[in-house]
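Below, each chain spelled out in residue letters.
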Amino acid sequence: MYGEDEINRLSPRHRKEIIQRVMNRRNNSDDVSPLPNASKKTLSNSQKSLLKSAKNNPDQPFNVSTVLRVKGNVQVPILQKSFLELIKRHHILRSVFYESELAHTEEHAFSIVPIQVEGLTDIPHENRYSLALNKAHSLVHEPLSVDDSILMKTVLFKLDENNYLFVMVLHQLISDVWSMGILMKELGVLYDAISLKKPVNLPNIPIRYSDFVLWQKKWFGGIDYKNQQKYWTRKLSKKIPVLKFNSEAHSTDNVKVKSFIFENNQRIKLFCQKERVT
C-alpha cells in the first residue's frame, strides 16, 4: 500500500495508473448485491439511533412530508391502487421496526392503503384552501408512533371536483426528503399508467436499503475500511493547527454584508478569494 509521500513523488502517469487500479478493485469487490429475502433485516446505525430517539421522544415528530395541490378530477380508487403498487414496489414502506438487543425490521404486507379522503365541499369556497393548509400543517407535525404497524399517513383533501390537496407523511425510518421526491414521481407514473390502462414504465429496483445495510456492515469489517482507518489515524495524529478567535470582539459594527445573485461557481470563488471568506 502506498503512503501519501510515495504517491506525491510519483509521476502524474503512474499516479493515474494507481488510482485507476484502486477504482477497478473497488468496482469489482464493493458492489452492493441483492441478498436473499428474509423476514428479519438488520438496521443501519442511523436507523438504530433514530429508532431509539423516537422511542424516547414519542411526542416529537420524526417526519418527512410532502403537500401537493392537485388540479383535475382525481379518481380515488385509482389513486388507492397506485399507492398500493408503490408500497409493493418499495419494501421499506411496509417495514415494522423492533427495538431489542438486535434491532431489526420485518416486512408486512398491507392489503389496505391508509389513504383518507376528507371532503371540504360543505365549507364556503373561499375558506377551503386555507382550511386544508391548516389541516395539512397539523398532519405533518403530528408524531408517527414507531409502535404502529404503518409508519405513514396519506390524506386527500377535496376542495371541489377539480381541486385537491394531497398530503403524505412518512417516518424518517422509512424515507428522507430526497426519496420523497422519487416516491411522488413514481406515484404519478403509476396513476397515469393505471388510469390509461397502459404498462407501468418504471425501472426495476435491483437492490434495497437492507442490502446496503448488510454491505456496509461487511465493509466495516473488511480490509478497505481498516486501511482507511489506519490512514486517517496517522493523518490526524499530527499536530493540527487550532483556529483562534478573538473572544473579546463582540461588536458587529465592522461586519460587512454583501448580497448578489450567484451566477456561476467561478464568480463565487473569485468573490470568496477577494473577501477572504468561504
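Let us look at the structure shown here. By convention here, each chain's residues receive numbers from 1 onward along its written sequence. Local features in this predicted model are restricted to residues whose pLDDT is 70 or higher, and side-chain atom pairs enter the listing and the counts only when it is 80 or higher, whereas totals over whole chains, interfaces and linings include all residues. With hydrogens and water excluded, all non-hydrogen atoms of the structure serve as input to the side-chain values.

## Comments concerning the pairing of strand β5 (residues 115-119)
Condition: A pair of strands is labelled paired if DSSP reports no fewer than 2 bridges between them. Starting at the N terminus, helices and strands are each numbered in turn, a helix being any DSSP run of H or I of at least four residues and a strand any DSSP run of E of at least two. Look down the strands so they point away from you; if going from the first strand over the helix to the second traces a clockwise path, that crossover is right-handed.
Examined bridge by bridge, β5 and strand β6 (residues 152-160) share five bridges and lie parallel to one another. Bridge pairing in β6 links Val117 to Leu156. Crossover connection from β5 via helix α5 (residues 125-140) to parallel β6: handedness right-handed.

## Some details on the nonpolar core
Using the following cut-off: Here, nonpolar core refers to any group of buried Ala, Val, Leu, Ile, Met, Phe, Trp, Tyr and Cys residues whose side-chain atoms link them within 4.5 Å. Here the term buried applies to any residue with accessible area under 20% of the maximum for its type, exposed to any over 50%, and partly exposed to those in between, with areas from a 1.4 Å probe on protein chains only. Residue contacts are counted whenever heavy atoms from the two residues lie within 4.5 Å of one another.
Counting 32 residues, the largest nonpolar core has Leu93, Leu170 and Ile174 as the members making the most contacts within it. Per-element accounting of this core gives the leading share, six residues, to helix α6 (residues 177-196). Excluding residues that lie within four positions of it along the chain, Leu170 makes contacts with Phe62, Asn63, Val64, Leu93, Leu144, Leu151, Met152, Ser175, Met180 and Leu183. Counting 12 residues, the second largest nonpolar core, distinct from the first, contains Leu139, Val140, Leu144 and Val155.

## Focus: the layout of surface pockets
To keep things clear, this is the line we draw: Of the two site types, the cavity is a set of points on a 1 Å grid over the protein atoms alone where a 1.4 Å probe fits but cannot get out, and the pocket is an open set with protein on both sides within 12 Å along at least five of seven lines, each lined by residues with an atom within 4 Å of a point. Grid points are joined across faces, edges and corners, and a volume is the space filled by probe spheres set on the points. Residues are grouped as follows: nonpolar covers Ala, Val, Leu, Ile, Met, Phe, Trp, Tyr, Cys and Pro; charged covers Asp, Glu, Lys and Arg; every other residue, Gly included, is treated as polar.
Put simply, the largest pocket is a space of about 700 Å³. For the largest pocket, the lining is made up of 25 residues, of which His90, Ile92, Ile174, Ser179 and Tyr209 are closest to its centre. Elements that contribute at least two residues to the lining of the largest pocket include exactly α3 (45-56) and α6. Per element, the largest residue contribution to the lining of the largest pocket is five residues, and it comes from α6. Considering only residue class, the lining of the largest pocket consists of 13 nonpolar, eight polar and four charged.

## Re unusual backbone geometry
For Lys197, which is not a glycine, the phi torsion comes out positive at approximately 55°. The topology assignment puts Lys197 in the loop between α6 and α7 (209-220).

## Brief notes about the packing of aromatic side chains
Keep this limit in mind: Aromatic rings from Phe, Tyr and Trp, taking only the six-membered ring of Trp, are treated as a pair when their centres fall within 6.5 Å; an angle between ring planes under 30 degrees marks them as stacked, one over 60 as edge-to-face, and anything in between as tilted. Charge over a ring is defined by NZ of Lys or CZ of Arg lying within 6 Å of the ring centre and within 35 degrees of the ring normal.
Applying the stated criterion to the full structure yields six aromatic pairs. With a centroid separation of 5.0 Å and 85° between ring planes, the pair formed by Phe220 and Tyr225 is classed as edge-to-face. On the basis of relative accessible area, Tyr225 is assigned to the partly exposed category, the value being 25%. Each residue in the set Tyr209, Phe212 and Trp215 is aromatic and connected to the rest through ring pairs, giving one cluster. Above the plane of the ring of Tyr129 lies Arg69, whose end atom (NZ or CZ) is 4.1 Å from the centre.

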